[in-house]
Amino acid sequence: MHVPRFWREIPNRYTLVGTRCGHCNKVFFPPRAICPRCRRVGQLEPFRLSGRGRIHSFTTVYSGPRDFKDQLPYVLAIVELEEGPRVMAQVTDCNGEEVKIGDEVEMVFRRIKEEGEEGIIHYGFKARLVRKAGAGGS
Amino acid sequence: MEVGIVGYGAYIPRYRLRVEEIARMWGADPQQTKRSFGVEEKAVAGPDEDTVTISVEAAKNALRRGGVDPSLVGAVYVGSESHPYAVKPTATIVAEAVGATPEMTAADFEFACKAGTAGIQACMGMVEAGMIKYGMAIGADTAQSSPGDPLEYAAAAGGAAFLVGKLDREAVASIEATYSYTTDTPDFWRREMRPYPRHGGRFTGRPGYFKHTLSAAQGLMRKLGLTPRDFDHAVFHQPNGRFPVEVASELGFSMSQIRAGLLSPKIGNTYSGAAMLGLAAILDGAKEGERILAVSYGSGAGSDAFSLIVREGIERKRDLAPKVSDYLEDKVYIDYATYCKFTRKLVR
Ligand SMILES: [Zn+2]
């Protein structure tokens, strides 16, 4: 990915800023410019999602792209955020056996990948299980 | 001084490497190594963690406790000696990720293990001068050590963030005074473009850590007309498990005064995070009215000492974010090979 594109998407990648339709209240992430339900009467505004959600579905990746080779095997999930949108995210700090559909997760800020040893570092969100007794339990 | 801590937050990665495992690798006696360092295990950052991500976790916890709109944070300072970029600030990434940008100032601080407390002092001055409403000072590190170097037994990862603001009913603690002691002492250094630090060996403890930590603590107590008996808790920088205990005893503090903030036996030396994480652990369990002495140390060399008095806000705020003890309990052990992979020590 080119530096300008990464930079333009920083508000979405860092702080989960999507959009919300002022007419029907539906929340979109990644952000949309037009509400598909309300069309012209919809008024979309930037909206920051809470980052809380649940595992809607997941899979364990044993053979992934080169950028993620050092993290194999890792868990990739579709997370349903509490405001409604579903996002694809890596589940960090866990192994495949720990994750179940319906598990509560929170989005956390992690290194996603880097452009070699000299390029920029891409930061963004990953999901982390909310462990009641542990560190994620706020 | 009318400045206080309105929020604080800690973060320690989940992964732990036992000192026995490091000793096994290098053919050292595990029990003797544990005794001589006073460290049982150290915290290691995961493969997708670095000083930026640790700072963001700690800063978000501080904002949760502070109950502050992030856009009101007028300054973000990140103290570390493991900033991911040589040129490009950690603080801008952190400020963006917590939602403090763009009407604010930000910078990275460097002073070995005490850059985070230097950030607290900068925020105190700016808040008191009325330049900003809130300032965020973060100390975080993913400490690097050359394989086989004695530093490897303790060099660890973790961080803490303190949100500094005007003293009011929302404060968790007031900062009564601060005092620093600084000299040019070459006890520990890393040259540009070199991956691992060098140090002057064990003899540097006396002219480095002990001289500066003792002088800063004594200078602060003299300035305030206080003695160790006036403090309920004390925390000192923790390069290992023994130095902070020895410095406390030389100053006249008891083990019960330093117990709550002594984390190095369980997580190692988190460098810029060390004294600040210890202070966070003390606040997690402190009562209104208690007085705390916090003294950082950075090689090169200098110490910042602070006297804090716990305020009523602590009762409402301490449960709003994970406590240091939560992070201590939630851990996963890794072996030396995994540690090498996570910290990118493998040659390919
Ligand atoms: Zn709509």
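Glancing now at the coordination of the zinc ion. All names here are of chain A. Coordination sphere of the zinc ion, protein contribution only: Cys-21 (SG), Cys-24 (SG), Cys-35 (SG) and Cys-38 (SG), at 2.2 to 2.3 Å. Each of the four donor atoms bound to the zinc ion contributes to angles spanning 105 to 115 degrees, and the resulting shape is tetrahedral. Going along the chain, you hit the donors of the zinc ion in the pattern C-x2-C-x10-C-x2-C. Here Cys-38 lies in the loop between strand E2 (27-28) and strand E3 (44-48) and Cys-24 lies in the loop between strand E1 (17-21) and E2, a separation of 14 residues in the sequence. Residue classification places Cys-38 among the buried positions, given a relative accessible area of 13%.

Right, let's talk about the sheet that holds E1(A) for a bit. Residue and element names in this part refer to chain A. With antiparallel pairing, the three strands of this open sheet are ordered in space as E2-E1-E3. Both outer strands of the open sheet, E2 and E3, are each paired with one neighbouring strand and no more. Relative to E2, E1 runs antiparallel, the two being bridged by two bridges. Across the sheet, Arg-20 pairs through a bridge with Val-27, a residue of E2.

With that out of the way, let us pick up the packing of aromatic side chains. Taken as a whole, this structure holds 19 aromatic pairs over all chains when the rule is applied. Measuring from ring centre to ring centre gives 5.4 Å for B:Tyr11 and B:Tyr327, while their planes differ by 75 degrees; the resulting arrangement is edge-to-face. Of this pair, B:Tyr11 sits in strand E1 (residues 3-11) while B:Tyr327 sits in helix H12 (residues 324-329); the two residues are 316 residues apart in sequence, bridging distant segments of the chain. Comparing B:Tyr11 with B:Tyr327, the two get one shared label, buried. A ring pair is formed by B:Tyr209 and B:Phe210, whose centres lie 5.2 Å apart and whose planes are at 85 degrees; its orientation type is edge-to-face. The exposure class of B:Tyr209 is buried, given its relative accessible area of 3%. An aromatic cluster is built from A:Phe6, A:Tyr14, A:Phe109 and A:Tyr123, whose rings are joined through pairwise contacts. Here the basic side chain of B:Arg65 rests over the ring of B:Tyr8, its NZ or CZ set 4.2 Å away from the ring centre.

Another aspect to go through is a positive patch on the surface. Residue and element names in this part refer to chain A. A cluster of like positive charges, contributed by Lys-26, Arg-32, Arg-37 and Arg-39, occupies part of the molecular surface. Within the element layout of this structure, Arg-32 appears in the loop between E2 and E3. Given a relative accessible area of 43%, Arg-32 falls into the partly exposed group.

Right, let's talk about the sheet that holds strand E2 (residues 15-18) of chain B for a bit. All names here are of chain B. Strand order in the open sheet made by the three strands is E3-E2-E14, with mixed pairing throughout. Bordering the open sheet on either side are strand E3 (41-44) and strand E14 (332-333), each of which pairs with just one other strand. Two elements, E2 and E3, share four bridges in a ladder whose sense is antiparallel. Across the sheet, Arg-18 pairs through a bridge with Glu-41, a residue of E3. Against the sheet, helix H1 (residues 19-26) contacts E2 and E3, and its axis sits at roughly 50 degrees relative to E2.

Another point: the side chain of B:Arg16. Residue and element names in this part refer to chain B. Inspection of the secondary structure assignment puts Arg-16 in strand E2. Of the side chains with opposite charge, Glu-41 comes closest to the buried, unpaired Arg-16, at an N-O distance of 4.4 Å. Every residue in contact with Arg-16, bar those within four places of it in the chain, is listed here: Glu-41, Lys-42, Ala-43, Lys-266, Ile-267, Tyr-327, Leu-328, Lys-331, Val-332, Tyr-333 and Ile-334.

So, on to helix H2 (residues 30-37) of chain B. Residue and element names in this part refer to chain B. Turning to H2, its buried residues number three or more, namely Thr-33, Lys-34, Ser-36 and Phe-37. Next to the buried residues of H2 lie H1. N-cap assignment for H2: the residue whose side-chain oxygen lies 3.1 Å from the backbone N of Gln-31 is Asp-29. At the C-terminal side of H2, Gly-38 shows a positive phi close to 70 degrees.

Here we take up unusual backbone geometry. It is generally the case that most residues other than glycine have a negative phi and that most peptide bonds are trans. At the junction of A:Phe29 and A:Pro30, the peptide bond is cis and its omega measures out at -5 degrees in the coordinates. Structurally, A:Pro30 is set in the loop between E2 and E3. Residue B:Pro102 is reached from B:Thr101 by a cis peptide bond, and omega for that bond is 0 degrees. At A:Leu16, a position not held by glycine, the phi torsion is positive, near 50 degrees. What makes A:Leu16 buried here is its relative accessible area of 5%.

Calculation notes
- Residues numbered from 1 in each chain as written.
- Chains lettered and ligands numbered in written order.
- Predicted model: local features only at pLDDT ≥ 70, side-chain atom pairs only at ≥ 80, totals over all residues.
- Heavy atoms only, no water.
- Donors = N, O, S within 2.8 Å, 3.2 Å for Na, K, Ca; no water.
- Tetrahedral: all angles 85-135°; square planar, octahedral: opposite > 155°, others 65-115°.
- Helix = DSSP H or I, 4+ residues; strand = E, 2+ residues; numbered from the N terminus.
- Buried < 20%, exposed > 50% of the residue type's maximum accessible area, 1.4 Å probe, protein only.
- Pairing = 2+ DSSP bridges.
- Phe/Tyr/Trp six-rings, centres within 6.5 Å; stacked < 30°, edge-to-face > 60°.
- Lys NZ or Arg CZ within 6 Å of the ring centre and 35° of its normal.
- Patch = residues over 30% accessible without salt bridge, like charges linked within 9 Å, V, L, I, M, F, W, Y side chains within 5 Å.
- Areas by Shrake-Rupley, 256 points an atom, 1.4 Å probe, with all protein chains shown as cover.
- Salt bridge = Lys/Arg side-chain N within 4 Å of Asp/Glu carboxyl O.
- Lys, Arg positive; Asp, Glu negative; His and termini not counted.
- Charge placed at Lys NZ, Arg CZ, Asp CG, Glu CD.
- Contact = heavy atoms within 4.5 Å.
- Axes fitted to C-alpha atoms, helices over the stretch in contact; angles between N-to-C directions.
- Polar contact = N/O pair within 3.5 Å; in protein donor to acceptor, adjacent residues only side chain to side chain.

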